[in-house]
Amino acid sequence: MRAALPSPTESIALVAALFATGCAELSSPAPIPTLSIGVVDANVWTGDPERPLVEAIGVAGDRVAALGSSDAIRALATDAIIIDADGATVVPGFIDAHVHLLDAGHRLLADSTGDALLLDDDFWPVAPEPPPAYTPAEDDAALDAALAYLAERGVTSVHHMGSWSDLEALGRARDSGRLTVRVYAAVPLPTWRRLRDAIADGRFGGDDGRGDNWLRVGALKGVVDGTVETGTAALDRPYPDSADDRGLMLYDVDRLSAQVDAADAAELQVALHAVGSRANHLALNAYERVIAANGPRDRRFRIEHAQHLRPDDIARFAALDVIASMQPAGIGDTGPRLEAMVGSAALAEPFPVRSLLDTGAVVAFGTNWGFAPAGPILGLYGAVTRRPLEAFYRSSWTPSERITIARALNAYTIAGAYASFEDRIKGRLAIGQLADFAVLDLALLSVPLPDVRLASVVVTVTGGRIVYDAR
Ligand SMILES: [Zn+2]
């Protein structure tokens, strides 16, 4: 009878072979790696289509060193910390593709409950760079609070939408070894020259001048419209109860295209905030123009929020290779509310996650934390149920846009890694990838979907280091 998982010796051989592949001159078998952490008796959802589920995972240094049976990992992990997951799920560390770390941290310090839904004032209608209101020491404390909060929720990487003064705080945290979450930091689009020049000057370090795998730059965030809640999302038809108010557009297409064009020509990534259908249409038009003008390149344009889309625009994301960076937490709560606010001005239902995925688009999940709650579990629940959090027995809102838990996990892991050009080193659990993962307290892939909301994180590991431990 054949065992489903390899025996310990087979696994050891496999690991040794994989370690040897990088060194062709090795004639003797590569040494068996000394594991520092072994997670056993788990359902490890690897995100790797070649090997989607394994029972155990081993870490050496900052990398995944072994995957296989619990016996195999135990045999390698004689001097390691052993985490018995007791049948629960282990996932690649969550990648939150849209946060405002400093805002979130300052709010956490001001209000220890911190999780309250706050008004989204996530745009700069006038000045792209608000003057810093905090001292460096206050920013450092806020950042530390935000990092600890994320680690508790299994988040191991974020895409931070912020300012140049935020970058100073992030740089200090990296240099002093205080980062426990990896950060891909975007700065405002109008400052593209400054970013280009800072990279050329080697200010961020790293082989390509864009930093290391703890803190990276290269993205610019532009703002096309506002938010539905403030009546500033740019729609195709007037808001209900208004004769001609179709929301706020901060750029005309020529001015926007010119900035995107310049940033793209400088080989920087552009992420445009677009909520309303008119704003999304304009952003896609700008991207289309720039792609035609500047030619093929691995540019990974993004649209942040992509909340209301014209039906004809949905397939353009995949056609133009534009990443939809969406925030699924609370779809079941805010979706119906937003629909009521935009009324017939909404040409498509908000948050068309499945429609986008079905056309082949990359959808990366995040939260807009700082202005919305941080937890990825809420996002997974929102994406798979589209039900209110507190009324989970209710029927789903727009059920045809629900997605499977595997697709939701993909959007929260590998898609985020792709959106920051880091899919070669993280976002899934395979040998040689960064050891970033979260141990949950339930079997996420087999519980009834409403129970997804009950999951919590037991241990978070970032770069082979336990950064949160609730055991
Ligand atoms: Zn935001």
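A. Layout of the sheet that holds strand 1 (residues 37-40). The four strands lie next to each other as 5-4-1-6, forming an open sheet whose pairing is mixed. Sheet topology places strand 5 (63-68) and strand 6 (81-84) at the edges, where each strand pairs with a single neighbour. Between one strand and the next, the sheet's axes are offset by a mean angle of 20°, whatever the strand orientation. Relative to strand 5, strand 4 (residues 56-60) runs antiparallel, the two being bridged by five bridges. By the bridge assignment for strand 5, A56 is matched with G68.

B. Summary view of the sheet that holds strand 7 (residues 89-92). The strand order across the open sheet formed by six strands is 3-2-7-16-17-18, and the pairing between neighbours is mixed. Among the strands making up the open sheet, the edge pair consists of strand 3 (53-54) and strand 18 (465-469). Sheet topology note: the strand 17 (residues 457-462)/strand 18 ladder contains four bridges and is antiparallel. Note that in strand 18 the partner of T460 across the bridge is Y468.

C. Up close: the side chain of R210. For R210, the position within the fold is in the loop between helix 6 (192-200) and strand 11 (215-223). Despite being buried, R210 has no salt bridge partner; D208 is the closest side chain of opposite charge, sitting 4.8 Å away. One polar contact links the side chain of R210 to the main-chain carbonyl oxygen of E267, over a distance of 2.7 Å. If we skip the residues at most four places from it in the chain, R210 touches I199, F204, G205, L215, R216, V217, G218, A266, E267 and L268.

D. Up close: the nonpolar core. Residues L101, F317, F365, W369 and L380 are the most contacted members of the largest nonpolar core, which totals 103 residues. Two domains share this core, each providing at least three of its residues, namely domain 1 (1-93 + 428-471) and domain 2 (94-426). By size, the runner-up hydrophobic cluster in this structure holds 18 residues, among which are I37, L67, I83 and A85.

E. Region of interest: the side chain of H106. By the element assignment, H106 lies in helix 3 (residues 101-110). At 2.7 Å, the side chain of H106 and the side chain of D139 are in polar contact. Excluding its chain neighbours within four sequence positions, the residues that come into contact with H106 are Y134, E138, D139 and A142.

F. Quick look at helix 12 (residues 376-385). Of all the ten residues making up helix 12, nine are buried; the element is thus mostly covered by neighbouring parts of the structure. Among all positions of helix 12, only P376, I377, G379, L380, Y381, G382, A383, V384 and T385 are buried. As for helix 12, its buried residues are in contact with strand 8 (94-99), strand 9 (155-161), helix 10 (331-342), strand 15 (363-365) and helix 13 (405-412).

G. Fine view of the packing of aromatic side chains. As enumerated under the stated definition, the model contains four aromatic pairs in all. Relative to F301, the ring of Y287 lies with its centre 4.0 Å away and its plane at 10°, an arrangement referred to as stacked. Taken together, the residues span a long stretch of sequence, with Y287 in helix 8 (residues 277-294) and F301 in the loop between helix 8 and strand 13 (302-305) at a distance of 14 residues. An aromatic cluster of three or more residues is present, and its members are F94, F365 and Y412. Across from the ring centre of Y149, 3.6 Å away, lies the NZ or CZ of R153, which sits over that ring. The lysine or arginine in question, R182, covers the ring of W214, its NZ or CZ lying 4.3 Å from the ring centre.

Analysis parameters
Residues numbered from 1 in each chain as written. Predicted model: local features only at pLDDT ≥ 70, side-chain atom pairs only at ≥ 80, totals over all residues. Heavy atoms only, no water. Pairing = 2+ DSSP bridges. Helix = DSSP H or I, 4+ residues; strand = E, 2+ residues; numbered from the N terminus. Axes fitted to C-alpha atoms, helices over the stretch in contact; angles between N-to-C directions. Buried < 20%, exposed > 50% of the residue type's maximum accessible area, 1.4 Å probe, protein only. Lys, Arg positive; Asp, Glu negative; His and termini not counted. Salt bridge = Lys/Arg side-chain N within 4 Å of Asp/Glu carboxyl O. Polar contact = N/O pair within 3.5 Å; in protein donor to acceptor, adjacent residues only side chain to side chain. Contact = heavy atoms within 4.5 Å. Core = buried A, V, L, I, M, F, W, Y, C linked by side-chain atoms within 4.5 Å. Domains from an automatic or database assignment. Phe/Tyr/Trp six-rings, centres within 6.5 Å; stacked < 30°, edge-to-face > 60°. Lys NZ or Arg CZ within 6 Å of the ring centre and 35° of its normal.

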